[in-house]
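Below, each chain spelled out in residue letters.
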Amino acid sequence: MVYKSFQNLKLSALGMGNMRLPVIGGKDSEIDVEASREMIKLCMDAGVNYYDTAYGYHGGQSEIVVGQLLKDYARDSFYLASKFPGYDLSNMPKVKEIFEDQLRKCQVDYFDFYLFHNVCEMNVDAYLDPQYGIYDYLMEQKKAGRIKHLGFSSHGDLDCMKKFLDAYGKDMEFCQIELNYFDYSFQDAKGKVELLNGLNIPIWVMEPVRGGQLATLSDEDTAKLAVLRPDEGVPAWAFRFLQSLDGVTMILSGMSNLDQVKDNLKTFETDKPLNEEEMRTILSIADEMIRKTTVPCTACHYCVSHCPMGLDIPFLLKLYNEAMVAGAGDFIAPMGLASVASDKQPECCIGCRSCEQVCPQTIHIPDELAKFAKKLGRG
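Please read these numbers as outputs of a predicted model, since none were measured by experiment.

What counts and how
Residues numbered from 1 in each chain as written. Predicted model: local features only at pLDDT ≥ 70, side-chain atom pairs only at ≥ 80, totals over all residues. Heavy atoms only, no water. Core = buried A, V, L, I, M, F, W, Y, C linked by side-chain atoms within 4.5 Å. Buried < 20%, exposed > 50% of the residue type's maximum accessible area, 1.4 Å probe, protein only. Helix = DSSP H or I, 4+ residues; strand = E, 2+ residues; numbered from the N terminus. Contact = heavy atoms within 4.5 Å. Pairing = 2+ DSSP bridges. Axes fitted to C-alpha atoms, helices over the stretch in contact; angles between N-to-C directions. 1 Å grid on protein atoms, 1.4 Å probe; cavity = no way out; pocket = protein on both sides within 12 Å on 5 of 7 lines; lining within 4 Å. Points joined across faces, edges and corners; volume = space filled by probe spheres on them. Nonpolar A, V, L, I, M, F, W, Y, C, P; charged D, E, K, R; others polar. Salt bridge = Lys/Arg side-chain N within 4 Å of Asp/Glu carboxyl O. Parallel < 35°, antiparallel > 145°, perpendicular 65-115°, else oblique.

Here's the deal with the nonpolar core
Here comes step 1: Residues Y51, F116 and L179 are the most contacted members of the largest nonpolar core, which totals 84 residues.
Here comes step 2: In terms of residue count, the dominant contributor to this core is helix α10 (residues 234-243) (six residues).
Here comes step 3: Residues within four places of L179 in sequence aside, it is in contact with Y184, A189, V193, I203, V205, M206, E207, P208, L242, L245 and V248.
Here comes step 4: Of all hydrophobic cores here, the second largest spans 21 residues; its members include I313, L319, C355 and I365.

Focus: the sheet that holds strand β8 (residues 175-178)
Here comes step 1: Here we have eight strands rolled up into a closed barrel, ordered β3-β4-β5-β6-β7-β8-β9-β10, and parallel in their pairing. With strand direction ignored, the average angle separating the axes of adjacent strands in the sheet is 30 degrees.
Here comes step 2: Inspection of the sheet shows β8 paired to strand β9 (residues 203-206) by four bridges, in the parallel sense. Bridge pairing in β9 links Q176 to W204.

What about the layout of surface pockets?
Here comes step 1: Of the pockets and cavities examined, the second largest pocket occupies roughly 750 Å³.
Here comes step 2: Lining the second largest pocket we find 32 residues, and of these F186, Q187, D188, A299 and K318 sit closest to its centre.
Here comes step 3: Broken down by secondary-structure element, the contributors of at least two residues to the lining of the second largest pocket are α6 (158-168), α7 (183-186), α12 (276-293), α13 (313-326) and α14 (332-337).
Here comes step 4: No other element matches the six residues that α13 contributes to the lining of the second largest pocket.
Here comes step 5: By residue class, the composition of the lining of the second largest pocket is 13 nonpolar, nine polar and ten charged.

Focus on the pattern of salt bridges
Here comes step 1: A complete count under the given rule lists 27 salt bridges for this structure.
Here comes step 2: For R37, the salt bridge is made with D72, and the minimal N-O distance between the two is 2.9 Å. Residue R37 is located in helix α1 (residues 33-46), and its partner D72 is located in the loop between α2 (62-70) and β5 (79-84); the two are separated by 35 residues in the primary sequence.
Here comes step 3: A single network of salt bridges, built from pairs that share partners, joins E178, D183, R210 and E322.

A short note on the packing of helix α9 (residues 219-228) against α12
Here comes step 1: Where α9 contacts α12, the axes come no closer than 11 Å and their chain directions differ by 175 degrees. Viewed along their axes, α9 and α12 adopt a mutual orientation that is roughly antiparallel. Residue-level inspection shows D221, K224, L225 and L228 of α9 in contact with α12, the latter providing E277, E278, T281, I282 and I285.
Here comes step 2: Among the residues making up the contact of α9 with α12, the classes are represented as four nonpolar, one polar and four charged.

Function cannot be read off these values alone, since they describe shape.
See below:
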């Protein structure tokens, strides 16, 4: 197992995410406890010492099952992470109640790592609002030793992260972002990496294979990679990409079965960063995937000044692209739209086509917004 240094700790470079545990009968809230026990045992035996859960995973059952299964091991043999569920704005006034509940569910006296969960456009202002006292309460828990290390996760854009960091950055010990070779460009994860490295904030990775989307590639792209690394499987390339980036300390994988665990453990027996040719190849594959599946908006904002409805067209198209790429599993677009006023939603486009007259990419913007509205069930 590859290990990384974090302050005075030695963390396994691979962490076990517990958002996609095996379930019974296809029901997300009915975790297959015995199958999960085997997975955790395999991880523990191989030296994985970081386990990530959250209040809402598996309908609230992940913390319970993870806490139950980790009771089989000495408390100092693993690091446990959970998160305050600010993705639901109704939770904002309940930080004390929820934190105490999480400790009970996980059957622990403290969390090694605790995060502001999913800082994004929808909730960043609420997270920063002193009336809820979230920051103050979590800092109190850290001072009391009930949180050993405090950080945040984010699916927000770069400006949203900067806003949060401007307020709380001095106390953030790590940051968890969606980072993979597809999102390096698509979600400007590259810019987020540069921001965090500039602030000396260690990077935690979520969605390294984008929910399984990068576990398989086209036959053509698979062949390109096989020429460069004949013994490396497609999923391993996603992890090797991350091993090549400065600042990456923890890579979380939401494994769903023993085969995935075994594959990932084999990959993390070694640290094999990509060379320049390999990096160019994997990023060119990502660029072509993006080109084929997304609207080519460059966010120049020329369209915005010509929109009589005042729509933030680049932001809406960005969310539309995310919805198209993620498919049925998309949650980022709905979260982003929750921060948009009701009269600025995609269905509010009146189809005047003034925006098209100034679009350098010649995008048929009203048509794309209509498709987005239809995908949302509003068209």
